[in-house]
Every structure is written in structure tokens, then in C-alpha cells.
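# A closer look at the structure
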Amino acid sequence: CIRDSLNDERLLTVPKLTVAALRFTEQARARILASGGTCLTFDQLAQKAPNGENTVLLRGPRRRVALKYFGPAPGSRHSTTRPRTLGPKKSRTRNINRK
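Here's a quick rundown of the structure. (Residues numbered from 1 in each chain as written. Predicted model: local features only at pLDDT ≥ 70, side-chain atom pairs only at ≥ 80, totals over all residues. Heavy atoms only, no water.)

### What about unusual backbone geometry?
The test is simple: The helix and strand labels rest on DSSP assignments: H or I over at least four residues marks a helix, E over at least two residues marks a strand, and numbering proceeds from the N terminus. For every residue, the accessible area obtained with a 1.4 Å probe (protein chains only) is divided by the maximum for its type, and the residue is called buried under 20%, exposed over 50%, and partly exposed between those limits.
Positive phi, close to 60 degrees, is recorded for Asn54, a residue that is not glycine. Structurally, Asn54 is set in the segment after α2 (42-48). The class for Asn54 is exposed, based on a relative accessible area of 84%. Residue His78 is not a glycine yet carries a positive backbone phi of 60 degrees. Counting through the fold element by element, His78 comes out in the segment after α2.

Structure follows, in C-alpha cells:
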């Protein structure tokens, strides 16, 4: 994962892993090393596997606000999609200057 590696207390036993990350917290590094794994930087990973063979890239959750508007129609059953609305003072119709 291309971000910090943090200690996750929900994971009770850490398997033997080789992990590459930007930074490691002290607790995360200690748990990985205690299980027999290794902690690498991306430079070390590039030297160890220059073609990326036998590597798995993990990606965290996508947190873009725009993604909240995609999915099943708002109001439909089990939908968590937000409706596309404008503010209370804005109108979807074109503003016509009235005298």
C-alpha cells in the first residue's frame, strides 16, 4: 500500500509477511518483525522485485465525495446514494430577469 503502515489491533495474529510502505509505526514494525516478516521501503522492493512479480498491491477505501452520488437511485430500496440537489436558493431552471 502506498501510505503509512499502522498497527491494526483487530488483527489478532499477524502472518509472516513482507510489507512495503512509506512509513511504519513502531508497533506495526514490531508486530511484523515478531511474526518473522520483513518491512521494506519502495526502493528495497524495486531492487527485490524489479518487474513486480509475486507482489500484491493493496488499496484502501476510495474517499472521493463525488462517489457518494453514484449507485442505485436515491430513495430506492437499500440505497445509500445521495440525491443530486442544488442549494435552497438555487434553481435548476434558467434564471430569467424579471422587471
